[in-house]
Amino acid sequence: MLSKREVFDGVPEEYLSHKERYENAIRNSVVAFSLVRKMQEEGKTSINNYRDVVGGLLGSSVLRDGSPLGLHYIMFMPAILNQANEEQQEKWLPRAWNCSIIGSYAQTELGHGTFIRGLETTATYDAATKQFVLHSPTLTAYKWWPGGLGQTANYCIVVAQLYTKGQCHGIHSFIIQVRDEETHMPLPGIKIGEIGAKLGLNAVNNGFLGFDNYRIPRTNMLMKHAQVLEDGTYVKSRHSKLNYGAMVFVRVVIVFDMVNYLSKAVTIATRFSAVRRQCQLKAGETECQILDYVTQQHKLFVSIAAAHAFRITANKLWLTFNEVNEQLVEGNLQRLPELHALACCLKAVTTADTAACVERCRLACGGHGYMMSSSLPLTYGLVTAACTYEGENTVLLLQTARFLVKTYQQLDSKALTPTVAYLKTAAAERFCVGWSNTTEGIIRGFQVVAMRVIIMSTFNEEVQEMSRTVSPQLKEVLHQLVDLYCTYWALEKLSDLLLYTPISQKEVESLRLRYEETLTNLRPNAVGLVDAFDLRDEMLQSTLGSYDGRVYERLMEEAMKSPLNAEPMLQSTLGSYDGRVYERLMEEAMKSPLNAEPVNYTFHKYLKPFMQGKL
Ligand SMILES: CCCCCCCCCCCCCCCCCCCCCCCC(=O)SCCNC(=O)CCNC(=O)[C@H](O)C(C)(C)COP(=O)(O)OP(=O)(O)OC[C@H]1O[C@@H](n2cnc3c(N)ncnc32)[C@H](O)[C@@H]1OP(=O)(O)O
Ligand SMILES: Cc1cc2nc3c(=O)[nH]c(=O)nc-3n(C[C@H](O)[C@H](O)[C@H](O)COP(=O)(O)OP(=O)(O)OC[C@H]3O[C@@H](n4cnc5c(N)ncnc54)[C@H](O)[C@@H]3O)c2cc1C
């Protein structure tokens, strides 16, 4: 087993080049995941074991910044289990378990991540050849982000709009080979590479993938829920959202992942705070441990409590996930909406809280927390990504809100599922129940808050008609900015206002409405207001923030500059805006510091022996 913080030719990880990071990650991953494969060979294939071992490996000292093989375990295999029929599982799972194929999960595109019903990649059924034709009609249709896809995976689950007999049936999943199993070269009609450097997870080898009328057998559509028959007849799924199952699974395991990272961060910060002595509590005394300061305890102790709370929650969610999945197998879909809402809510809350807590742990360590060697910056990079991937947090919380409002609207007509049963009590009792400063009293208080917020949201949704115009006068707009700033901070600091001012409940409710109104009023001028900062592109240096809005072209242009994309040469009609695609590719290749070797040497040295079970 590799030692902690394995180095690459004696150079600590932080000082490796982008390419060396990848090579180091491949080398460490094949050794680490040989352990997982051994577990499988020895029959220790309980999903709990895998969850804990794979989860423990990712982000561990060996795979500190993720792994190009992570998605293979986290999404590729669970997606086959969740969406492939028995025949397809028999064909693909054994090869996935022994890693003779390495997979990824390609759903997000340059142009769409959240709104998956808007994905543009198409899979059109050709009954004459009994094949699906995969195609990326635009640059924004390119898959963008799939972990391991850049240079590592040779298969992936692709989510595409299914067309048969001229009709679109929405998004479905397909298992697709993208690289030759012997040479690892991209197959004809496949345009593939890595997307470039990121804030963190720089060992994951996130990639892009475009299809140019690429054909796959009909039987490569994952057909557990919906099917396309040989003549092109579409047979729909019992529930349109059963295809979303892979995302629910990952959201559930992310909660476990947050426990790992939060426990690490608060361990580092608390131990350091016991060692670090700074300043004197009383003049003349020896300097005290910073852990003795109440302000330091305020920063850290809630993270210790949160780590335990998240662990208990994660275990309960895992049990619920398994219960509901057993019911799904029996055709009982009754608790699927609750599981979806719960997974959305807990993924969003635990990732957001963990990111905030890890940042507080870093700040609690002063300058030394800013050192890469503290592991706190790296940990922050890992956990903050989780606020975005597997469903951006805001969007997932909106899904939970949607479920809660629907539950409230059916309060009297429908039996409540376990996690929302409290709404019945909160609705039945007087809202202003007496307050008691006990754990139970606080929980009851938050249940009442939840109830009232749901009622307010339902009221806003049903009654509120928001029609507004915005005066073009700059004065008007600046007043709105002042208004926004005041109402934002009044709501942020509401507990102080409630404690120290006579603000009433009614005034708080109208403050909230005013805040939302100000947001809506400012929306039409939002871009104009930032243009007014007059920051030139050269100063911004951002693919996302350039003045001309050509985000996707710039993202792709930057991705092409990655040294890893020089091998192999990309035969690609990337839709470059000036049409000089081949000249530009050759220009870029000539700039690359890498030899245009057809495949990164790590494939033959590490990956292929691993896939052949020789490591
Ligand atoms: C062999 C198996 C074992 C193998 C080994 C296992 C090893 C385990 C490994 C464990 C390791 C642990 C450590 C690792 C931790 C994890 C690391 C993760 C690494 C990175 C992964 C990142 C991957 C990705 O990011 S993949 C892409 C993710 N993308 C998204 O999440 C997209 C988000 N958007 C959406 O989900 C949808 O667009 C949504 C929900 C926002 C809107 O969908 P839609 O428009 O279709 O729905 P609505 O109109 O809003 O609602 C309609 C209706 O549908 C219901 N619904 C929506 N979604 C779902 C769902 N998922 N499930 C069920 N129901 C759903 C919704 O509630 C509405 O219902 P109504 O009744 O109509 O209200
Ligand atoms: C490290 C990392 C790894 C990833 N790995 C994978 C992978 O392996 N496979 C894969 O398929 N994808 C992967 N992704 C992509 C990820 O799933 C998407 O980034 C994520 O779903 C968010 O979508 P988006 O990027 O389009 O953001 P957007 O949805 O465009 O979000 C931008 C902003 O718009 C807001 N917004 C969007 N829709 C709404 C709405 N309806 N209401 C209110 N606000 C809204 C969001 O809240 C956010 O503030 C990865 C992403 C990251 C960062």
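All of these numbers come straight from a predicted model, not from anything done at the bench. (Residues numbered from 1 in each chain as written. Chains lettered and ligands numbered in written order. Predicted model: local features only at pLDDT ≥ 70, side-chain atom pairs only at ≥ 80, totals over all residues. Heavy atoms only, no water.)

### Description of the site of ligand 2
Part 1: Not every one of the 20 residues close to ligand 2 is listed here, only the nearest: Y105, T108, G113, T114 and E392.
Part 2: T114 is positioned with one of its side-chain polar atoms (N or O) 2.4 Å from an oxygen atom of ligand 2.
Part 3: Between E392 and ligand 2, the recorded distance is 2.6 Å, taken from a side-chain N or O atom to an oxygen atom.
Part 4: Starting from 980 Å² of accessible surface for ligand 2 in isolation, the protein chains cover 63%.
Part 5: For the shell around ligand 2, the element with the most residues is helix α9 (residues 393–409), which contributes three residues.
Part 6: Grouping the amino acids of the shell around ligand 2 by side-chain chemistry returns nine nonpolar, nine polar and two charged. (Near = heavy atom within 4 Å. Polar contact = N/O pair within 3.5 Å; in protein donor to acceptor, adjacent residues only side chain to side chain. Areas by Shrake-Rupley, 256 points an atom, 1.4 Å probe, with all protein chains shown as cover. Helix = DSSP H or I, 4+ residues; strand = E, 2+ residues; numbered from the N terminus. Nonpolar A, V, L, I, M, F, W, Y, C, P; charged D, E, K, R; others polar.)

### So, the layout of surface pockets
Part 1: Volume-wise, the second largest pocket comes out at about 1300 Å³.
Part 2: Looking at the second largest pocket, it is lined by 32 residues, and the ones nearest its centre are C345, V349, L404, Y422 and A450.
Part 3: Of all elements in the fold, only α6 (294–329), α7 (336–364), α9 and α11 (439–463) reach the threshold of two or more residues within the lining of the second largest pocket.
Part 4: Its residues placed into classes, the lining of the second largest pocket shows 22 nonpolar, eight polar and two charged. (1 Å grid on protein atoms, 1.4 Å probe; cavity = no way out; pocket = protein on both sides within 12 Å on 5 of 7 lines; lining within 4 Å. Points joined across faces, edges and corners; volume = space filled by probe spheres on them.)

### Some points on the domain arrangement of the protein chain
Part 1: Segmentation of the protein chain into domains returns domain 1 (1–237 + 568–615) and domain 2 (245–531).
Part 2: Between domain 1 and domain 2, the residue contacts involve 23 residues of the former and 23 residues of the latter.
Part 3: The largest share of the area that domain 1 buries against domain 2 comes from R51, R64 and L201, three residues that together contribute 27% of it.
Part 4: The interface formed by domain 1 and domain 2 holds zero salt bridges in total.
Part 5: Our count for the domain 1 to domain 2 interface comes out at one residue pair in polar contact (both at pLDDT 80 or more).
Part 6: When residues of the side of domain 1 that touches domain 2 are traced back to their parent elements, those giving at least two are α2 (47–57) and α3 (70–83).
Part 7: Per-element tally for the side of domain 1 that touches domain 2: the top contributor is α3, with six residues.
Part 8: Of the residues assigned to the side of domain 1 that touches domain 2, the class counts are ten nonpolar, nine polar and four charged. (Domains from an automatic or database assignment. Contact = heavy atoms within 4.5 Å. Buried area = accessible area lost by both parts, 1.4 Å probe. Salt bridge = Lys/Arg side-chain N within 4 Å of Asp/Glu carboxyl O.)

### A word on the pattern of salt bridges
Part 1: Going through the model one piece at a time under the given rule, you end up with 16 salt bridges.
Part 2: One salt bridge connects K506 with E509, and the closest N-O pair in it is separated by 3.9 Å. Of this pair, K506 and E509 are both found in helix α14 (residues 505–522), three residues apart, which corresponds to roughly one turn of the helix.
Part 3: With relative accessibility at 65%, the residue K506 sits in the exposed group.
Part 4: Among the ionic pairs, D548 bridges to R554, the shortest N-O distance being 2.5 Å.
Part 5: Given the relative accessible area of 39%, D548 is considered partly exposed.
Part 6: If you follow the salt bridges from partner to partner, you end up with D548, R550, R554 and E557 in one network. (Buried < 20%, exposed > 50% of the residue type's maximum accessible area, 1.4 Å probe, protein only.)

### Things to note about the nonpolar core
Part 1: Formed by 113 residues in total, the largest nonpolar core has its most connected members in F33, F132, L134 and L209.
Part 2: In terms of residues, this core owes the most to one element, helix α5 (residues 245–275), which gives 15 residues.
Part 3: Two domains each donate at least three residues to this core, and these are domain 1 (1–237 + 568–615) and domain 2 (245–531).
Part 4: Within the second largest apolar cluster, eleven residues are counted, among which are L139, Y142, F208 and M560. (Core = buried A, V, L, I, M, F, W, Y, C linked by side-chain atoms within 4.5 Å.)

### Some details on the UniProt feature "active site" (unreviewed entry) in the protein chain
Part 1: Feature annotation in UniProt places "active site" (unreviewed entry) on E390, given in this structure's numbering.
Part 2: Tracing the backbone shows E390 in the loop between α8 (376–385) and α9.
Part 3: Looking at E390, the relative accessible area reads 13%, which means it is buried.
Part 4: Here E390 is in contact with M75, M247, V250, R251, I254, K347 and L396, once residues within four sequence places are set aside. (UniProt positions renumbered as here; feature names shortened; annotations may be inferred.)

### Thoughts on the UniProt feature "binding site: FAD" (unreviewed entry) in the protein chain
Part 1: UniProt annotation of "binding site: FAD" (unreviewed entry) refers to T108 and G147 when read in the numbering used here. These residues run over 40 residues, yet every pair of their C-alpha atoms falls within 10.9 Å of each other.
Part 2: Tracing the chain through its elements places T108 in the loop between β1 (103–106) and β2 (122–126).
Part 3: Residues within four places of T108 in sequence aside, it is in contact with G113, Y142, K143, W144 and W145.

### Quick word on the sheet that holds strand β4 (residues 143–144)
Part 1: One open sheet holds the three strands; their spatial order is β4-β8-β7, and the pairing between them is antiparallel. Taken across any chain shown, the strands that pair with only one partner, and hence form the sheet edges, are β4 and β7 (190–194).
Part 2: Both β7 and strand β8 (residues 207–211) contribute to a ladder of five bridges, which runs antiparallel. Within β8, the position partnered with E194 by the bridge is G207. (Pairing = 2+ DSSP bridges.)

### Digging into the packing of aromatic side chains
Part 1: Per the stated rule, a full pass over the model turns up twelve aromatic pairs.
Part 2: With a centroid separation of 4.6 Å and 20 degrees between ring planes, the pair formed by F33 and Y73 is classed as stacked. Here Y73 lies in helix α3 and F33 lies in helix α1 (residues 18–41), a separation of 40 residues in the sequence. Both residues of the pair, F33 and Y73, count as buried.
Part 3: Ring centres 5.9 Å apart and planes at 15 degrees place the aromatic pair W144 and F208 in the stacked group. In this pair, W144 is assigned in strand β4 and F208 in strand β8, connecting sequence segments 64 residues apart.
Part 4: A relative accessible area of 5% means that W144 is categorised as buried. (Phe/Tyr/Trp six-rings, centres within 6.5 Å; stacked < 30°, edge-to-face > 60°.)

### So, unusual backbone geometry
Part 1: Backbone geometry at K165 places phi at a positive 50 degrees, although glycine is not the residue there.
Part 2: Positionally, K165 belongs in the loop between β5 (155–164) and β6 (167–177).
Part 3: Of note, N213 is a non-glycine position whose phi angle comes to about 45 degrees, a positive value.
Part 4: Locating N213 in the fold gives a position in the loop between β8 and β9 (214–217).
Part 5: For N213, a relative accessible area of 46% gives the class partly exposed.

### Some points on the environment of G545
Part 1: Tracing the sequence through the fold places G545 in the loop between α16 (537–540) and α17 (551–560).
Part 2: The residues contacting G545, other than those within four sequence positions of it, are D537 and L540.

### Focus on empty space enclosed by the protein
Part 1: Using the criterion set out here, one finds four cavities of 30 Å³ or more in the structure.
Part 2: In this structure, the second largest cavity occupies an estimated 80 Å³ of space.
Part 3: Looking at the second largest cavity, the residues that line it are E13, R21, N24, A25, N28, V62, L63, R64, D65, G66, N202 and A203.
Part 4: Considered class by class, the residues forming the lining of the second largest cavity number four nonpolar, four polar and four charged.

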